[in-house]
Amino acid sequence: MLPTVADTEALGRELAAGLGAGDLVVLDGPLGAGKTALTRGIAAGLGVQGRVSSPTFIIARQHRAGERPGAVPLVHVDAYRLGGDLDELDALDLDTDLHQAVVVVEWGRGVVEHLTDRHLRVLLSREPDSDVRTAEWEWVD
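A quick note: this is a predicted structure, and the numbers were derived from the prediction, not measured. The written sequence of each chain sets the order in which its residues are numbered from 1. With the structure being a predicted model, the display of local features is reserved for residues of pLDDT at least 70 and the display and counting of side-chain atom pairs for 80 or more, all residues being used for whole-chain, interface and lining totals. Computation of side-chain values: all heavy atoms of the structure, hydrogens and water removed.

Asker: For the overall build of the protein chain, give the residues involved together with the corresponding values.
Answerer: Only DSSP runs of H or I reaching four residues or more are called helices, and only runs of E reaching two or more are called strands; each is numbered from the N terminus. Scanning the protein chain from terminus to terminus reveals four helices and six strands. Listed by position from the N terminus, the elements making up the protein chain come as α-β-α-β-β-α-α-β-β-β. A burial count over the protein chain gives 45% of its 141 residues as buried. Summing over all exposed atoms, the protein chain offers an accessible surface of approximately 7,300 Å²; the carbon and sulfur share of this is 48%. Burial status follows relative accessibility: with a 1.4 Å probe on protein chains alone, a residue under 20% of its type maximum counts as buried, one over 50% as exposed, and anything between as partly exposed. In short, Shrake-Rupley with a 1.4 Å probe defines the accessible areas, and a residue's cover is counted only from the protein chains shown.

Asker: Quick one: what's the story with the environment of Val102, residue by residue and with numbers?
Answerer: Along the chain, the position of Val102 falls in strand S4 (residues 102–106). Judged by its relative accessible area of 0%, Val102 is buried. Sequence separation of Val102 and Val25 is 77 residues, and the distance between their C-alpha atoms is 7.6 Å. Apart from residues no more than four positions distant in its own chain, Val102 is found in contact with Leu19, Gly20, Ala21, Asp23, Val25, Leu46, Val72, Pro73, Leu74 and Val75. Working rule for contacts: check all heavy atoms of both residues, and any pair within 4.5 Å makes them a contact.

Asker: I'd like to hear about the layout of surface pockets, residue by residue, with values.
Answerer: Of the voids in this model, the largest pocket is the one considered here, and its volume is about 190 Å³. The distinction between a cavity and a pocket rests on a 1 Å grid over the protein atoms alone: a 1.4 Å probe fits inside a cavity but cannot get out, while a pocket stays open yet meets protein on both sides within 12 Å along at least five of seven lines, and a residue with an atom within 4 Å of a point counts as lining. Leu31, Gly32, Lys35, Glu106 and Trp107 are the residues nearest the centre of the largest pocket, which is lined by 12 residues in total. For this classification, the nonpolar set comprises Ala, Val, Leu, Ile, Met, Phe, Trp, Tyr, Cys and Pro, the charged set comprises Asp, Glu, Lys and Arg, and every other residue, Gly included, is treated as polar. In the lining of the largest pocket, the residues fall into four nonpolar, five polar and three charged. Grid points are joined across faces, edges and corners, and a volume is the space filled by probe spheres set on the points.

Asker: Can you lay out the pairing of S4 for me, pointing to particular residues and giving the numbers?
Answerer: Across the five residues that make up S4, a large majority, five, are buried. Covered by surrounding structure in S4 are Val102, Val104 and Glu106 together with Val103 and Val105, the residues of both alternating faces. Strand pairing follows a simple DSSP-based rule, namely that at least 2 bridges must link the two strands. Pairing between strand S1 (residues 24–28) and S4: four bridges, direction parallel. Within S4, the residue paired with Leu27 across the bridge is Glu106. As paired elements, strand S3 (residues 74–78) and S4 share five bridges and run parallel to each other. Looking across to S4, one finds that His76 is bridged to Val104.

And the structure:
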């Protein structure tokens, strides 16, 4: 149960502890389920620089690694507007970024999984008429 946005961000920080360069995180869930809040938490856990907001209109944002030893950058992608267009996805060069950064893709289910042999899939949901969210996650090979 994730009753508040702060709880969703805290989960993101926890997930970040197990992430490193080369990891792909695929976020799935309806509008308002907390995908961007979870990404903010992941970014905080990774210690990246800059404010994390939804990349809906620019499709992808790159956040530089923080100053702590071993820090890695974060690439935050919103695949909603791609609509499964693999040419646009290829133009983002995510496969290059995957080797050097943690890549988090909102609305990425069925679109980006082929980029790696293994990814973290996070399914977020929101209870009707409530701000309470839930999350399920698993590593998929």
